[in-house]
Amino acid sequence: DFFALGGDSLLALRMSFLIEDRFGVPVRIERLSGRLSISALAHILRGASPVPEPEAFPSSSGNGLPDWLTERLRGFLENWPGAPALKNGFVRRIGTAREDIPVFWCMQQPEEAFHLGKTVGERFPTYTMRSGQWLLDYGTPQAAALVDCYVDEIRTICPEGPLVVGGTCQGV
């Protein structure tokens, strides 16, 4: 496990860029967490895919997330500041700024979102996402589906860069 060996999200991003530059093979950083061994990374670099793609989940909401996860996430976000940036979306718009580089931040608690909105949201268009901590296990297809959901929403909100994406390091 890359993170158990002392890696962090910034090192994972840097490593994925270095692998792509050196070997010409893009490696998504979420593959560096969980159970990816050196042997499995070698398979990826040779063009094989030892990590199966996430399975489809029963999802009546159309967001690609299992219904149980959609319901829990909506329940958590009821008390968060701001409002959904998209209809039925999970990314929330906080702060008052309308112009400049948008900031998307993943965090755990509504209090963090409130403070982010007060400090950053007055200067930059600011959005928050609730991390997957205490919702699901990392390295699972459900965690990958949540990441994909957030990425799709960010691409819809801001189809062109630049933009800033960050958060407190909790995995998803």
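All values derive from a computational prediction rather than experimental measurement.

**Some points on the environment of leucine 116**
Looking at where leucine 116 falls in the secondary structure, it is placed in helix 4 (residues 110-119). C-alpha of leucine 116 to C-alpha of threonine 126: the two residues are 10 residues apart in sequence and 8.0 Å apart in space. Those residues in contact with leucine 116 that sit more than four places away from it in its chain are Ile94, Trp105, Met107, Gly121, Thr126 and Tyr127.

**Regarding the packing of aromatic side chains**
Under the counting rule described, the total for this entry stands at one aromatic pair. Their ring planes at 10° and their centres at 4.6 Å tell us that phenylalanine 104 and tyrosine 127 sit as a pair that is stacked. Taken together, the residues span a long stretch of sequence, with phenylalanine 104 in strand 3 (residues 103-107) and tyrosine 127 in strand 4 (residues 126-130) at a distance of 23 residues.

**Brief notes about unusual backbone geometry**
The linkage connecting glycine 161 with the following residue, proline 162, adopts the cis geometry, with an omega of 0°. Note on placement: proline 162 falls in the loop between helix 5 (141-157) and strand 5 (164-167). Unusually for a residue other than glycine, asparagine 88 sits at a positive phi of about 65°. Inspection of the secondary structure assignment puts asparagine 88 in the loop between strand 1 (83-84) and strand 2 (92-94). For asparagine 88, a relative accessible area of 56% corresponds to the exposed category. Even without being a glycine, aspartate 100 presents a positive backbone phi close to 120°. When its relative accessible area of 46% is taken as the criterion, aspartate 100 is described as partly exposed.

**Description of the sheet that holds strand 2**
Pairing is mixed across the open sheet formed by five strands, whose spatial order is 1-2-4-3-5. This sheet does not close on itself; its edge strands, each paired only once, are strand 1 and strand 5. Strand direction decides the pairing type here: strand 2 and strand 4, joined by three bridges, are antiparallel. By the bridge assignment for strand 4, arginine 93 is matched with tyrosine 127. Across the face of the sheet, helix 4 comes into contact with strand 2, strand 3 and strand 4 while running at roughly 160° to strand 3. On top of the sheet, helix 5 reaches strand 3 and strand 4; it is set at about 165° to strand 4, its chief contact.

**Overview of the confidence of the model for the chain**
For the chain, per-residue confidence averages 80 on the pLDDT scale, and 78% of positions sit at 70 or higher. Of all the helices and strands in the chain, helix 2 (residues 38-45) carries the lowest mean pLDDT, 72, while strand 2 carries the highest, 95. Considering only residues more than four positions removed or in separate chains, one finds that residues 50-55, a stretch of pLDDT under 50, has nine contacts.

**Looking at a nonpolar patch on the surface**
Where nonpolar side chains cluster on the molecular surface, the patch consists of Ile101, Leu163, Val164 and Val165 and spans about 280 Å² of accessible area. Tracing the chain through its elements places valine 165 in strand 5.

**Description of the pairing of strand 3**
With four of five residues buried, strand 3 lies mostly within the body of the structure. Bridge analysis of strand 3 against strand 4 gives five bridges, and the strand direction is parallel. Within the sheet, the bridge partner assigned to methionine 107 lies in strand 4 and is arginine 130. Once you follow strand 3 into helix 4 and on to strand 4, the crossover reads as right-handed. Sheet topology places strand 3 next to strand 5; four bridges connect them, and they run parallel. When the sheet's bridge partners are listed, phenylalanine 104 is paired in strand 5 with valine 165.

Rules used in this analysis
Residues numbered from 1 in each chain as written. Predicted model: local features only at pLDDT ≥ 70, side-chain atom pairs only at ≥ 80, totals over all residues. Heavy atoms only, no water. Helix = DSSP H or I, 4+ residues; strand = E, 2+ residues; numbered from the N terminus. Contact = heavy atoms within 4.5 Å. Phe/Tyr/Trp six-rings, centres within 6.5 Å; stacked < 30°, edge-to-face > 60°. Buried < 20%, exposed > 50% of the residue type's maximum accessible area, 1.4 Å probe, protein only. Pairing = 2+ DSSP bridges. Axes fitted to C-alpha atoms, helices over the stretch in contact; angles between N-to-C directions. pLDDT = per-residue confidence, 0-100. Patch = residues over 30% accessible without salt bridge, like charges linked within 9 Å, V, L, I, M, F, W, Y side chains within 5 Å. Areas by Shrake-Rupley, 256 points an atom, 1.4 Å probe, with all protein chains shown as cover. Salt bridge = Lys/Arg side-chain N within 4 Å of Asp/Glu carboxyl O. Right-handed = clockwise from strand over helix to strand, strands pointing away.

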